[in-house]
Each structure stands twice: as structure tokens, then as C-alpha cells.
Amino acid sequence: MPNTDENRLGGRIARYARVGTAVGGLAARFAGERVLGIPLERDRHAAELRAALGGLKGPLMKVAQLLSTIPDALPREYVQELSQLQADAPSMGWPFVKRRMASELGPAWHKRFRHFEQSAAAAASLGQVHRAVGLDGQNLACKLQYPDMASAVEADLRQLGLIFAIFERTDSAISTKQIQAEIGARLREELDYEREAKHARLYRAMLADTPGVHVPAVVPDLSTRRLLTLEWVEGRKILEFVKDHPDARDALAMNMFRAWYVPFYGYGIIHGDPHLGNYTVRPDRSINLLDFGCVRVFPARFVKGVIDLYDALQTGNQDKAVEAYRTWGFGNPTKELVDVLNIWARFVYAPIMDDRSRRIEETNSGHYGRETAAKVHAELRRVGGVEVPREFVFMDRAAIGLGSVFLHLQAEVNWYRLFQEMIQGFDVDVLHARQTTALTAQALPLPE
């Protein structure tokens, strides 16, 4: 059966037609505002844009969700609307499923399962999951990629570039060049389920000795580039669980903290999409980590820079802060720029600065980081703007995403002590060696 999912010109043109009206309307209205002085009703148009994007499967919907959690990537009105996009998209029907399974495992694919459910158990932006039972009786989760996703990614990234270009003409606080490059790289990686299988095995190895965290095993004989089969792990959605067990909030938060930060401080690797839908809870309050499409690997020096900046903020060492930002890719930051970046850094690091139990954000804000981001944005505009380094994009996005999860949990934890446990005895050379061993074992590339 021919592969119909490559990056085809016809697929891209069809995608442009579907998306172009929403994005084109945005471009036209911004042009009208700039050239003709016609006021742009951002609130109304942002709602229209969300409505248009919300009906689409594929990467543009995922991009919109990512942008809603990257501070200052879009104006506030658009962030508010895009943050309402739902993670679940309508699933593809049984005829699609049969064709996809046959293309991945052969025409007799059904003989490789004892049972395969026709209806999807979950549907998201790039694919959908079906429950199945293997010939050995093992419960399985089979993730199928939607058709024509390679074309969709390239088409949507072009539209994303247009959206960013429009915003940069009206606001010079942040250059989005590296944000675009980073989002593009991660999205293209997410199309490769063979790579995601390697990520899953990597996480299973990294978290093997971490209590309270479970990573499902990959079933390699039933996995391909567009089909990923994992063991099915039972669990409930986090907020449903805490509704019935409110006393579990703190334990769940600590388990999620370890699930995210053990790989980062131990191996220089992050889970770049830490939202509530990627975790479920077992009866014993341990958590399942479910999705491994968006994973970012950092050089060991970057992790050292994160710890160095923490030390700089604790001690007021300006020179150490400057060097940390250089390590992150900010070039040669001026004193003014460092002062502005430190506003954001103090907010992100605040929960781990004091040795006490506290909520992740001690305000009544329902949106983690929004007020601080607005302040930083205004200051960046004043000092001439900044180009956000690529390595910073998903680190920042993931930290805010995880913070939002903790905000929803309303957990009160001594984050300081958890952090100190993570970095105790940190050695950049040891991390580099450990990372090299772990990535090589899964045939994954080392960071540049």
C-alpha cells in the first residue's frame, strides 16, 4: 500500500485553504489597523480565530495550545481565547482505523490482537488511541497518527510564521524567530512514533527508581513510524481523583514534581508538554506518565546554567546571573536586560527560594504567570526587546505548564526541599556522562 502521509504539495494546498481564512482575516485586520487606522477589535477576532482553529485536527491546534502557555508569544486577548482550545478532537472513524492499521501492520493486522476496540478511547491533535488486547492477554494502548500529518505540519508552520510576522510588526518586545524554529523542530519530531517509542523507553529507564511514577512499556512488534503501541495503564484523570480525594493533592504534586525534574536534573531531559491530560492517577496515588511525543534534550551546561541562576538570585550575584543567561543562549545581555529577565526568573524560582510549605503561586490569579509576564513584556519593550533563545522556549513553556498543573491542584508543598534533593551533589560532567549513556542506549542523538 503506498504511503500517502508524506509531505505532499496537494496536502499542503488543502491545508492552506482550510486555515487560510482565519489567519488571512487576522492579517487583513492588522493591515487595516496600521495602514487605514481602522481599529482592530482584538477580543472579537481572537474569539473568531479560536473558533476556526478549534475545529481543526492536527498541528495548528497543538501550536495554539503551546502558544497559550509561552508568555508573551501572543497578545493577551489571543492567549485567553487559545487557552480554551480543547485537547480532545473528534476521532476518526472505523474505516480510517482499518486502513491505517493495515498500512502499518499488514492486511492481516487483526490477527495480531485478541481484541481491538473500534471506537477511540482518546483523540487529540495529531492522533487517536484505541484500547486493544494482545495475543498474550496484555491490555494495550494503540496510538494511530491521523492521515496527511506531515503535510499539515508544514502548512501550519507556514501559517504560524505569518501570524508571528504580523504580531512583530505591531510589537517589538520579543523576536519570535527562535520560538518558531523550536516549535517547528518539536512538531516534526512528534510525527515520528518510532522516535516517541525511544523516548518512552528512555523515560522508563530514567524513572525506574523514582517512587510514585509509572511509565508504560513499549510493545515494539506492534509499533511503527505512525503506530505506537504501549501497555495500557489504568488510572483516573487527576482533577477527578482529587475531587474524590482532596487529601491527595500534595502527594500527587510531589510525584509530578519528581516525574518532571528527576529527568531534567539527572539527565538534562524534559517532558515538554506537562499538562493534566498527560497524567493519570492510580488508586495508590502514584501517577502514570502517558505521552512522550514532545521531549527536549539539553546540553549539560544548560542544566548547570539553571542551577547557577538559582544561586545567583539567592546571593545577589549579578555576574553569575549574566553568565547563566549567556549559557541559556542570550548572547551578551546588557545590565538592563538582565534586570528585566530577573523579574521573570524570580517569579519562576520563587517557590524554591524559601524553606517552607507554600502554594506554587501565592496570589488569587487563575492564570499562572500572566501578571508577571505582562510586566516583563512592558519592560522588554522599554529596553529594546529580546530574541528568545531556542533552548529557553520549551524549558520556560514546560515550567509554566507544570506550574499551572500545581496551581489547579492547589497543593501546598515545601518545593525548596524537593529542589534541594534534586540538585544535591550536582556535577555537570557526571550529568553529561549519564545523559550520553542513556541516549546512546536508545539510539537517540546527543544534544549539540
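- As named in an unreviewed UniProt entry, the protein is AarF/ABC1/UbiB kinase family protein, taken from Azospirillum aestuarii.
- UniProt, in its Sequence similarities (unreviewed entry) section for the protein, records the words "Belongs to the protein kinase superfamily. ADCK protein kinase family."

## Focus on the overall build of the protein
Then, number 1: When you go through the protein residue by residue, the secondary structure sums to 17 helices and 13 strands.
Then, number 2: Looking at the 448 residues of the protein, the share that counts as buried comes to 54%.
Then, number 3: A sequence separation of at least 24 residues applies to 73% of the contacts in the protein between residues at least 6 apart.
Then, number 4: Carbon together with sulfur atoms contributes 50% to the accessible area of the protein, which is approximately 19,800 Å² in total.

## Points about helix α8 (residues 193-206)
Then, number 1: The end-to-end C-alpha distance of α8, which contains 14 residues, comes to 19 Å, matching closely the 20 Å that a straight helix rising 1.5 Å per residue would cover.
Then, number 2: Considered for burial, the residues of α8 that qualify are Tyr193, Glu196, Ala197, His199, Ala200, Leu202, Tyr203 and Met206.
Then, number 3: Between the side-chain oxygen of the N-cap and the backbone nitrogen of Glu194 there are 3.0 Å, and the N-cap of α8 in question is Asp192.

## Details of the pattern of salt bridges
Then, number 1: Following the criterion strictly, the structure yields 21 salt bridges and no others.
Then, number 2: For Glu231, the salt bridge is made with Arg204, and the minimal N-O distance between the two is 3.6 Å. Here the residue Glu231 occupies a position in strand β7 (residues 227-231), and Arg204 occupies one in helix α8, the gap between them amounting to 27 residues.
Then, number 3: Taken together, the shared-partner salt bridges connect Glu182, Arg186, Glu189, Arg195, Arg296 and Arg390 into one network.

## Quick notes on the nonpolar core
What tends to happen in soluble globular proteins is that the nonpolar side chains get buried as a cluster.
Then, number 1: With 106 residues, the main nonpolar core has Phe264, Tyr265, Tyr349 and Leu409 as its most contacted residues.
Then, number 2: Sequence-distant contacts of Phe264, defined by excluding residues within four places in its chain, comprise Ile269, Ile270, Phe298, Phe302, Val303, Val306, Met395 and Leu431.
Then, number 3: In terms of nonpolar packing, the next biggest core, distinct from the first, is built from 14 residues, Val97, Leu105, Ala132 and Cys142 among them.

## Looking at the pairing of β7
Then, number 1: Of all five residues that make up β7, four are buried, and the element is covered over most of its length.
Then, number 2: Two elements, strand β4 (residues 139-145) and β7, share five bridges in a ladder whose sense is antiparallel. Following the sheet pairing, Ala141 is matched in β7 by Leu230.

## Examining the sheet that holds strand β10 (residues 279-281)
Then, number 1: Within the open sheet, the four strands sit side by side as β6-β11-β10-β8. Their pairing is mixed. Each having just a single partner strand, β6 (213-214) and β8 (236-237) make up the two edges of the open sheet.

## A look at the environment of Phe392
Then, number 1: Tracing the sequence through the fold places Phe392 in helix α15 (residues 390-409).
Then, number 2: On the accessibility criterion, Phe392 (13% relative accessible area) is buried.
Then, number 3: Spatially, the C-alpha atoms of Phe392 and Ile179 are 8.9 Å apart, while their sequence positions differ by 213 residues.
Then, number 4: The contacts of Phe392, once residues within four sequence positions are left out, are Trp328, Phe330 and Trp344.

## Structural notes on the packing of aromatic side chains
Then, number 1: Tallied over the full model, the rule gives 24 aromatic pairs.
Then, number 2: For the pair Trp94 and Phe116, a centre-to-centre distance of 6.3 Å together with 40 degrees between the ring planes defines the contact as tilted. Here Phe116 lies in strand β1 (residues 113-116) and Trp94 lies in helix α5 (residues 94-105), a separation of 22 residues in the sequence.
Then, number 3: With a relative accessible area of 11%, Phe116 lands in the buried category.
Then, number 4: The ring of Trp232 carries Arg131 above its face, with NZ or CZ at 4.1 Å from the centroid.
Then, number 5: The ring of Phe298 has Arg296 lying over it, and the distance from NZ or CZ to the ring centre is 5.2 Å.

## What about the environment of Leu202?
Then, number 1: Tracing the backbone through its elements, the reader meets Leu202 in helix α8.
Then, number 2: As for Leu202 and Leu444, which are separated by 242 residues in sequence, their C-alpha atoms are 9.1 Å apart.
Then, number 3: In this structure Leu202 touches Ile269, Ala438, Leu439, Gln442 and Leu444, once residues within four positions along its chain are discounted.

## Observations regarding the packing of helix α11 (residues 300-315) against helix α13 (residues 335-349)
Then, number 1: Taken N-terminus to C-terminus, the directions of α11 and α13 make an angle of 95 degrees; their axes are 11 Å apart at the nearest point. On the basis of the axis angle, α11 is roughly perpendicular to α13. Two secondary-structure elements touch here, α11 through Val306, Leu309, Tyr310 and Leu313 and α13 through Asn342, Ala345, Arg346 and Tyr349.
Then, number 2: A class-by-class count of the residues in the contact of α11 with α13 yields six nonpolar, one polar and one charged.

## What to know about the confidence of the model for the protein
Detail in the predicted coordinates should be disregarded across regions flagged by low pLDDT.
Then, number 1: For the protein, the mean per-residue pLDDT works out to 82, and 76% of the residues sit at or above 70.
Then, number 2: Taken as a whole, residues 12-18 scores under 50 in pLDDT and shows 17 contacts with residues more than four places along the chain or in a different chain.
Then, number 3: Counted against residues more than four places away or in other chains, residues 34-40, with its pLDDT under 50, gives ten contacts.

Reading the values: rules and limits
Every residue gets a number counted from 1 within its own chain, in the order that chain's sequence is written. pLDDT decides what is reported in this predicted model: residues at 70 or higher carry local features, side-chain atom pairs at 80 or more are listed and counted, and totals for whole chains, interfaces and linings draw on all residues regardless. Only hydrogens and water are removed before side-chain values are computed, so all heavy atoms of the structure are retained for them. UniProt positions are given in the numbering used here, feature names are shortened, and annotations may be inferred rather than shown by experiment. In this text, helices come from DSSP runs of H or I with a minimum length of four residues, and strands from runs of E with a minimum of two, each type numbered from the N-terminal end. For every residue, the accessible area (1.4 Å probe, protein chains only) is compared with the maximum for its type, and the residue is labelled buried under 20%, exposed over 50%, or partly exposed between those bounds. Here, two residues are considered to be in contact whenever any of their heavy atoms come within 4.5 Å of each other. The Shrake-Rupley method, run with a 1.4 Å probe, gives the accessible areas here. Residue values count only the displayed protein chains as cover. Expected span, for any helix, means 1.5 Å times one less than how many residues it has. Polar contact is defined as a pair of N or O atoms within 3.5 Å, subject to the rule that within protein one atom must be able to donate a hydrogen and the other to accept it, and that residues adjacent in sequence are counted only when both atoms are side-chain atoms. A side-chain nitrogen of Lys or Arg and a carboxyl oxygen of Asp or Glu constitute a salt bridge if their distance falls within 4 Å. Put simply, a nonpolar core is a bunch of buried Ala, Val, Leu, Ile, Met, Phe, Trp, Tyr and Cys residues held in one set by side-chain atoms that sit within 4.5 Å of each other. Strands are treated as partners if at least two bridges between them are detected by DSSP. Classification of ring pairs uses Phe, Tyr and Trp, with its six-membered ring standing for Trp, and accepts pairs whose centres are within 6.5 Å; under 30 degrees between planes counts as stacked, over 60 as edge-to-face, and the remaining range as tilted. Geometrically, a charge over a ring is one whose NZ (Lys) or CZ (Arg) sits within 6 Å of the ring centre while staying within 35 degrees of the ring normal. What counts as an axis is a line fitted to C-alpha atoms, over the stretch in contact for a helix, and the angles between N-to-C directions run from 0 to 180 degrees. Note on terminology: angles under 35 degrees are roughly parallel, angles over 145 are roughly antiparallel, angles of 65 to 115 are roughly perpendicular, and the others are oblique. As a working rule, the residues Ala, Val, Leu, Ile, Met, Phe, Trp, Tyr, Cys and Pro are called nonpolar, Asp, Glu, Lys and Arg charged, and the rest polar, with Gly in that last group. pLDDT gives the predictor's per-residue confidence on a scale running from 0 to 100.

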